[in-house]
Amino acid sequence: MEDLENKTPAQETQTEDSKVPGNDLYEWVRSLVTAVLIIVLVFTFAIRMMGVQGPSMRQTLQDGDRLLVLNSMLVGEYRRGDIVIARKQTFSDDPIVKRIIAVGGQTVDIDFNAGTVYVDGVEQEEDYINDRTYTFEGTEFPLTVPEGSVFLMGDNRNMSTDSREPHIGTVDERYLIGKAVVLLFPGPDSVTKERDFGRIGLLSRN
């Protein structure tokens, strides 16, 4: 029969070490520090949370909405319809949230009388907009988007400062912080002031 009490010196040392006061606390602290570092790295290089300010993306997004944003390095290729966060010192000190209407090489034209947007000569079906595009802000059309840049507009077309403004124009993709992928927390409705938690979820490209 095997002698269960017969332990080698190494086993005895291991048993004694496991009973040293503070070992459990050390392991707990180390695990906590590791978890915090991972979270910091993820929110620095992969995702971040950002808020919506103003009415320019209604009704898709409301003032006060909180978004989960995928950083540019993980987005890959930006595409038409993506909701993005852009930062460019020449037009805004704060990041702005807009939708990509056209990418590099595509040509944008807008009929401001009919409120219709065309990309490469094709009239766009824009079920997501709050109103048709009647506001002319100074940019001359048709306009071909330079390679590596995007043309941005807010979904609330007549209450948005965007690429129709000459001082903004097309935006180099290097100024895009990332793509909004999830609505995490809804802001209050502009009329009722209530939060519609049913809006929480993935943001579609449309």
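Use the structure listed above.
First things first, this report covers the structure right here in the doc.

Criteria and thresholds
Per chain, residues are indexed from 1 in the order of the written sequence. Whole-chain, interface and lining totals are the exception, using all residues; otherwise, since this is a predicted model, local features are given only for residues with pLDDT of at least 70 and side-chain atom pairs are given and counted only at 80 or more. Side-chain calculation: all heavy atoms of the structure are included, whereas hydrogens and water are not. In short, DSSP must find at least two bridges between two strands for them to pair. Helix and strand labels come from DSSP, where a helix needs a run of H or I of at least four residues and a strand needs a run of E of at least two; each type is numbered from the N terminus. Exposure is judged per residue with a 1.4 Å probe applied to protein chains only, and the accessible area is read against the type maximum: over 50% gives exposed, under 20% gives buried, and values in between give partly exposed. Each reported salt bridge corresponds to a side-chain nitrogen of Lys or Arg within 4 Å of a carboxyl oxygen of Asp or Glu. Residue contacts are defined here by distance: any two heavy atoms, one from each residue, within 4.5 Å place the two residues in contact. The term polar contact refers here to a pair of N or O atoms within 3.5 Å; inside protein, the definition further demands a hydrogen-donor-capable atom paired with an acceptor-capable atom, and it admits residues adjacent in sequence only when both atoms are side-chain atoms.

Strand order in this open sheet of 4 strands is β7-β6-β5-β8, and the pairing throughout is antiparallel. Each of the sheet's edge strands pairs with one partner strand only, and the pair in question is β7 (122-123) and β8 (143-144). Relative to β7, strand β6 (residues 116-119) runs antiparallel, the two being bridged by 2 bridges. Bridging from a neighbouring strand, valine 119 pairs with valine 122 of β7.

Before going further, it helps to examine the pairing of strand β3 (residues 83-86). By the alternation rule, side chains of β3 split into Ile83 and Ile85 and Val84 and Ala86, which are all buried. Alignment of β3 against strand β4 (residues 96-103), held across 4 bridges, turns out to be antiparallel. Across the sheet, the residue bridging to isoleucine 85 is valine 97, located in β4. The pairing of β3 with strand β11 (residues 176-185) spans 3 bridges and is classified as antiparallel. Residue pairing across strands places alanine 86 opposite leucine 176, the latter belonging to β11.

Glancing now at the pattern of salt bridges. On inspection of all chains with the given rule, the structure shows 7 salt bridges. Between glutamate 126 and arginine 80 there is a salt bridge, with the nearest N and O atoms lying 3.9 Å from each other. Of this pair, glutamate 126 sits in the loop between β7 and β8 while arginine 80 is found in the loop between α3 (72-75) and β3, placing the two residues 46 residues apart along the sequence. For aspartate 162, the salt bridge identified is with arginine 164, shortest N-O distance 2.8 Å. Accessibility assignment for this pair places aspartate 162 and arginine 164 in one class, buried.

Another aspect to go through is the environment of glutamine 106. Within the fold, glutamine 106 resides in the loop between β4 and β5 (107-111). C-alpha separation for the pair glutamine 106 and valine 119, spaced 13 residues apart in sequence, amounts to 6.6 Å. Setting aside its immediate chain neighbours within four residues, glutamine 106 contacts Val119, Asp120, Leu143, Thr144 and Val145. Within the structure, the side chain of glutamine 106 is placed 3.0 Å from the backbone nitrogen of valine 103, a separation counted as a polar contact.

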